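# An overview of the molecular structure
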Amino acid sequence: MDKKFTVAVAQINPKIADLHANRDTLIERIEESRTKGAGLFVAGELALTGYLLKDATFEVALRPQDSFLDPLRQQSKDITLVIGLVEESDDHKFYNSAFVFEDGQIIHIHRKIYLPTYGMFEEKRYFAEGDKIRAFDSRLGRLGVLVCNDMWHPMTAYLLGWDGAQAIIAPTASPTRGVGAGETSENTRVWRTFNRAAAKAVSSYVVQANLVGFQDGIHFWGGSEVVCPGGSECVQAELNREDMLYAEIDPNRIRTERMYSPVLRDERLRLELAELERVVNK
């Protein structure tokens, strides 16, 4: 990452299983972001399909080569896009995925690793688990993607940091839980903690794009945010309503944080790997 750029976070309320309406909304927001000079556009988890799909999961699934994605490929000619959708593999597995579009192509796919199946969540009924956590090179620098619950497992962000990610992008669908009148929800407080911890631990930016509004009676709280390296500063979107969030990503902020808090430099990965193997095999 050599130059500053602007990230645009689209906090939207997608319609369940309405691919055309959601694509239109995303393209409208992408075009708005372009007028603001954004180099990176991020939408929430399953923003193209809606989150609470249940059996409709299989009806809205797409493959990377599907022509339905061509308008998004076209939009990515001058702005990098991170879009969540249901992906169908060649062997007919279905994944909760985030596609990265750039220069008219899909340059990276992250398949959600940790699928929650507790409380209101039923993801393992419909989705297969991803099996890779990889940073990747883009025209903006080296980036990494984690989808929602992946971020609740600290090792994933650490792996991306060790793999060179200068910004960790987290599309999420976080519902409102544990809230009383006039209070911030428990999920909001937890996400604020995880985002700042990851930004501090790996001295990188964290970009969270959350859904907002109601789907099938479940409320998503919004509150998307961009956290700076070190976790000391951030920009936040509105709670409980659709919003567009813009923030500057500055490589100098990464350099400064890594100079004065050299956590990544001092990691002893071989020691940690050996201890992990000991714990796993005991």
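Residues numbered from 1 in each chain as written. Predicted model: local features only at pLDDT ≥ 70, side-chain atom pairs only at ≥ 80, totals over all residues. Heavy atoms only, no water.

## Quick word on the overall build of the chain
- Regarding its fold elements, the chain presents 8 helices and 14 strands.
- Taken over the C-alpha trace, the chain has a radius of gyration of 18 Å; the compact-globule value for 282 residues is 19 Å, and the two agree within 12%.
- With respect to the principal axes defined by its C-alpha atoms, the chain has extents near 50 × 50 × 45 Å.
- Sequence separation of at least 24 residues holds for 67% of the intrachain contacts in the chain that already meet a minimum separation of 6. (Helix = DSSP H or I, 4+ residues; strand = E, 2+ residues; numbered from the N terminus. Rg over C-alpha atoms; globule rule 2.2 N^0.38 Å. Contact = heavy atoms within 4.5 Å.)

## Re a nonpolar patch on the surface
- A contiguous nonpolar patch, built from Met155, Leu159 and Leu276 and spanning about 230 Å² of accessible area, is present on the exposed surface.
- Following the sequence through the fold, Met155 ends up in helix 4 (residues 154–162). (Patch = residues over 30% accessible without salt bridge, like charges linked within 9 Å, V, L, I, M, F, W, Y side chains within 5 Å. Areas by Shrake-Rupley, 256 points an atom, 1.4 Å probe, with all protein chains shown as cover. Salt bridge = Lys/Arg side-chain N within 4 Å of Asp/Glu carboxyl O.)

## Some points on the sheet that holds strand 8 (residues 167–172)
- A sheet is described by the order of its strands in space; here 6 strands give the open sequence 6-7-8-9-12-13, paired in mixed fashion. Of all the strands in the sheet, the pair left with one neighbour each is strand 6 (136–138) and strand 13 (234–236). Strand-to-strand twist of the sheet, defined as the mean angle between neighbouring strand axes without regard to direction, takes the value 20°.
- Here strand 7 (residues 141–145) runs beside strand 8; their pairing, made up of 3 bridges, is parallel. By the bridge assignment for strand 8, Leu143 is matched with Ala167.
- Where helix 5 (residues 186–202) meets the sheet, it contacts strand 8, strand 9 (205–210), strand 12 (225–227) and strand 13, and its direction lies at approximately 30° from that of strand 12. (Pairing = 2+ DSSP bridges. Axes fitted to C-alpha atoms, helices over the stretch in contact; angles between N-to-C directions.)

## Quick look at the sheet that holds strand 14 (residues 243–249)
- Strands sit in the order 5-4-3-2-1-14 across an open sheet of 6 strands; the sheet is mixed. At either end of the open sheet lies a strand with only one pairing partner, and these are strand 5 (105–111) and strand 14. Ignoring which end each strand starts from, the neighbouring axes of this sheet average 25° apart.
- Pairing of strand 4 (residues 94–102) with strand 5 involves 6 bridges; the strand directions are antiparallel. Paired with Phe101 across the two strands is Ile106, which belongs to strand 5.
- Contacts from helix 1 (residues 19–35) reach strand 1 (5–11), strand 2 (38–43), strand 3 (80–88) and strand 14, with the element oriented near 155° to strand 2.

## Structural notes on the side chain of His219
- Note on placement: His219 falls in strand 11 (residues 218–221).
- For His219, a relative accessible area of 19% translates into the label buried.
- When near neighbours in sequence (up to four residues on either side) are disregarded, His219 contacts Ser174, Pro175, Thr176, Gly213, Phe214 and Asn240. (Buried < 20%, exposed > 50% of the residue type's maximum accessible area, 1.4 Å probe, protein only.)

## Examining the pairing of strand 11
- Alignment of strand 10 (residues 212–215) against strand 11, held across 4 bridges, turns out to be antiparallel. If you follow Val212 over to strand 11, its bridge partner there is Trp221.
- Adjacent in sequence and paired antiparallel, strand 10 and strand 11 are bridged by 2 residues, among which Asp216 carries a positive phi angle near 50°.

## Regarding the packing of aromatic side chains
- A full pass over the atoms with the stated rule returns 8 aromatic pairs.
- Judged by centre distance (6.2 Å) and plane angle (75°), the rings of Trp152 and Trp191 are edge-to-face. You can see Trp152 sitting in the loop between strand 7 and helix 4 and its partner Trp191 sitting in helix 5, a full 39 residues away along the chain.
- Judged by relative accessible area, Trp191 falls into the buried class, the value being 1%. (Phe/Tyr/Trp six-rings, centres within 6.5 Å; stacked < 30°, edge-to-face > 60°.)

## Some details on the state of the cysteines
- Per the counting criterion, the structure on display carries 0 disulfides.
- Sulfur of Cys148: no disulfide; nearest cysteine sulfur belongs to Cys234 and is 18 Å away.
- Cys148 sits in the buried class, given a relative accessible area of 10%. (Disulfide = S-S within 2.5 Å.)

## What to know about the pattern of salt bridges
- One pass over the structure, following the stated rule, counts 25 salt bridges.
- In this structure, the salt-bridge partner of Glu233 is Arg253, at a minimum N-O distance of 3.7 Å. Of the two residues, Glu233 is situated in the loop between strand 12 and strand 13 and Arg253 in helix 6 (residues 251–260); the sequence distance between them amounts to 20 residues.
- Since its relative accessible area comes to 44%, Glu233 is described here as partly exposed.
- Residue class for Arg253 comes out partly exposed when judged on its relative accessible area of 29%.
- Measuring nitrogen to oxygen at the nearest pair gives 3.8 Å for the salt bridge that ties Glu238 to Arg241.
- By relative accessible area, Glu238 is classed as partly exposed at 39%.
- One continuous salt-bridge network, built from bridges that share partners, spans Glu45, Lys112 and Glu123.

Structural measurements only, silent on function.
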